[in-house]
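# Tertiary structure, described
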Amino acid sequence: MKKVREEFKTELKTVSEKVVSLEQSYSDVVKQNKKQTQVISEDNLSLVIKNLLETEKENIACKVDDLIKVGLHLNSIQVAAVERKKNNHTGKHGIVIVKLQNKDDKQKVMEKKRELRNTRIYKDVYINNAIPSAQRLLNSNLRSIVNAIGNDQGRS
């Protein structure tokens with residue numbers, strides 16, 4: 001009986017340690033999932049604006065505000081954050097990352113973005129959804145693979 005009891009105690013201890021480690025790993029997964037969800041939700045509110053004229057001492061927030069109010073005729077849209085990324089190519093304008101307040105505002109902008117081609121000032125400006133960095137990396141890798149396959153097909 002003593003021997004069985006001791007074996008049972010050791011097995012119970014092992015099982016309880018496994019349960020504790022599983023609880024910890026589960027909580028880590030939940031925390032990481034929340035962080036990823038937060039990053040994804042921020043990307044859902046972001047837009048990328050291409051070919052918006054760049055000046056030396058520009059106020060990019062005012063330019064984006066004018067684009068939305070004058071170019072798209074949306075006066076109720078509030079911009080949460082604006083950032084212009086530098087472009088390494090000379091003669092090209094850097095892209096502008098715009099974060100909006102909510103999904104409704106983003107949807108309104110995306111629905112009216114086609115109207116930009118009818119304006120004289122903003123006819124070359126393009127508005128797209130922001131793509132998360134992980135997806136951009138995956139897309140880049142896929143393009144590299146397709147280009148490599150294409151180059152190999154041409155040599156055969």
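In what follows, the structure referred to is the one given above.
Residues numbered from 1 in each chain as written. Predicted model: local features only at pLDDT ≥ 70, side-chain atom pairs only at ≥ 80, totals over all residues. Heavy atoms only, no water.

## Some thoughts on the environment of threonine 55
With respect to the helices and strands, the residue threonine 55 is situated in the loop between β1 (46-50) and α2 (60-71). Since its relative accessible area comes to 44%, threonine 55 is described here as partly exposed. Placed 38 residues apart in sequence, threonine 55 and histidine 93 show a C-alpha to C-alpha distance of 9.1 Å. Here lysine 63 takes part through its side chain, which lies 3.5 Å from a polar atom of the side chain of threonine 55. (Helix = DSSP H or I, 4+ residues; strand = E, 2+ residues; numbered from the N terminus. Buried < 20%, exposed > 50% of the residue type's maximum accessible area, 1.4 Å probe, protein only. Polar contact = N/O pair within 3.5 Å; in protein donor to acceptor, adjacent residues only side chain to side chain.)

## Regarding unusual backbone geometry
Even without glycine at this site, asparagine 51 takes up a positive phi of about 70°. Along the polypeptide, asparagine 51 turns up in the loop between β1 and α2. With relative accessibility at 36%, the residue asparagine 51 sits in the partly exposed group. Of note, histidine 73 is a non-glycine position whose phi angle comes to about 60°, a positive value. In this fold, histidine 73 is placed in the loop between α2 and β2 (79-84).

## Here's the deal with the layout of surface pockets
By volume, the largest pocket is sized at about 430 Å³. Along the wall of the largest pocket there are 20 residues; nearest its centre are Val48, Ile97, Ala130, Ile131 and Arg136. The class makeup of the residues in the lining of the largest pocket is ten nonpolar, four polar and six charged. What the second largest pocket holds in volume is close to 180 Å³. Across the lining of the second largest pocket, the residue classes tally to five nonpolar, one polar and five charged. (1 Å grid on protein atoms, 1.4 Å probe; cavity = no way out; pocket = protein on both sides within 12 Å on 5 of 7 lines; lining within 4 Å. Points joined across faces, edges and corners; volume = space filled by probe spheres on them. Nonpolar A, V, L, I, M, F, W, Y, C, P; charged D, E, K, R; others polar.)

Worth remembering: the numbers are spatial, not functional.
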